[in-house]
Structure formats: C-alpha cells, structure tokens
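Survey of secondary and tertiary structure
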Amino acid sequence: MGPFRLQKHSVMGKALLLKFEGLDSREAVEELVGTLVLLPVEKLRALPDGEYYWQELLGMEVYTERGEYVGSITSIIPCRAHDVYVCKHGVREVLLPAVGDVILKVDRQKRKMVVRLLEGL
C-alpha cells in the first residue's frame, strides 16, 4: 500500500498528526497502523535544544570527553524513561543512556557526539 502524498500535518503535544491524500476514512488509516512513515526532512519542525530526530543521530560519531573514539550510533532503543543509543566500533558495543550525565554535547553539523562513559561502560 502507498506511497501517499502528505496533505497536511500538525503537532499535538508529542504526537505528530498526519493527513494523507486518498485516506479519508478511519478504516483506511487503521490498515496502516504500525507502518513505517517516511517524511522529507523539510517537513519536520525544529526541536527544542537537547532533542533530536533519530535520523540526525544514526551514524553519528561518538567520542569521550577525553577525545577517545567510542564508535558510531547504529541504532536507538526507545525506553520508557529515556532512549538508549547503541554505539558500535568493530565488535565492541556500548549502550549509552540518553541522559545529561552521559550525553555532554551533540554537534549536528559535524555529526559528532561527546559523552561521559559511566563506570562499567
């Protein structure tokens, strides 16, 4: 099914409301529950400081505050309290909780993240 042309969109709290051309009934939309939705970047709104779209973070290079290379973000695990970034370098995998004590700086332009590794990471 699809693709569908985006007719309009709006934000309601943390929800993104989408209206697609040709999907005019609740039944038509219910068939799409759980489907991946891809939007052009220019349709996305700017997020407040400290919030990022996943596509901005995936592939981002991660370094410690001492400049040591940790790896790149390969996936993101959504959790109730906060997301967890999966960072891989070779066979090494580090799970980084998306909290202020760990994520120190995110540079969207340079695609670089600076982190403070918690003991045991």
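Structure first, text after, so check above.
Note that the coordinates shown come from a computational prediction; the quantities given were computed from them, not determined experimentally.

1. Some thoughts on the sheet that holds strand 4 (residues 69-77)
Strands sit in the order 6-5-4-3-8-7 across an open sheet of 6 strands; the sheet is mixed. Every interior strand has two partners, whereas the edge strands, strand 6 (92-97) and strand 7 (103-107), have only one. Strand after strand, the sheet turns through a mean of 30° between neighbouring axes, direction not considered. Where strand 5 (residues 84-89) and strand 6 come together, 6 bridges link them in antiparallel fashion. From the neighbouring strand, Val86 faces strand 6, where its bridge partner is Leu95.

2. Observations concerning a nonpolar patch on the surface
Taken together, the side chains of Val11, Leu16, Leu18 and Val37 present a nonpolar region at the surface, about 290 Å² in accessible area. The topology assignment puts Leu18 in strand 2 (residues 15-20). On the accessibility criterion, Leu18 (30% relative accessible area) is partly exposed.

3. Some remarks on unusual backbone geometry
Phi is positive for Arg111, which is not a glycine, with a value near 55°. Looking at the secondary structure, you find Arg111 in the loop between strand 7 and strand 8 (112-115). Given the relative accessible area of 30%, Arg111 is considered partly exposed.

4. Remarks on the nonpolar core
The nonpolar side chains of a soluble globular protein tend to be buried, and buried together. Of all hydrophobic cores here, the largest spans 15 residues; its most connected members are Leu96 and Met113. Looking at this core element by element, the count peaks at 3 residues for strand 4.

Basis of the calculations
- Residues numbered from 1 in each chain as written.
- Predicted model: local features only at pLDDT ≥ 70, side-chain atom pairs only at ≥ 80, totals over all residues.
- Heavy atoms only, no water.
- Pairing = 2+ DSSP bridges.
- Helix = DSSP H or I, 4+ residues; strand = E, 2+ residues; numbered from the N terminus.
- Axes fitted to C-alpha atoms, helices over the stretch in contact; angles between N-to-C directions.
- Patch = residues over 30% accessible without salt bridge, like charges linked within 9 Å, V, L, I, M, F, W, Y side chains within 5 Å.
- Areas by Shrake-Rupley, 256 points an atom, 1.4 Å probe, with all protein chains shown as cover.
- Salt bridge = Lys/Arg side-chain N within 4 Å of Asp/Glu carboxyl O.
- Buried < 20%, exposed > 50% of the residue type's maximum accessible area, 1.4 Å probe, protein only.
- Core = buried A, V, L, I, M, F, W, Y, C linked by side-chain atoms within 4.5 Å.

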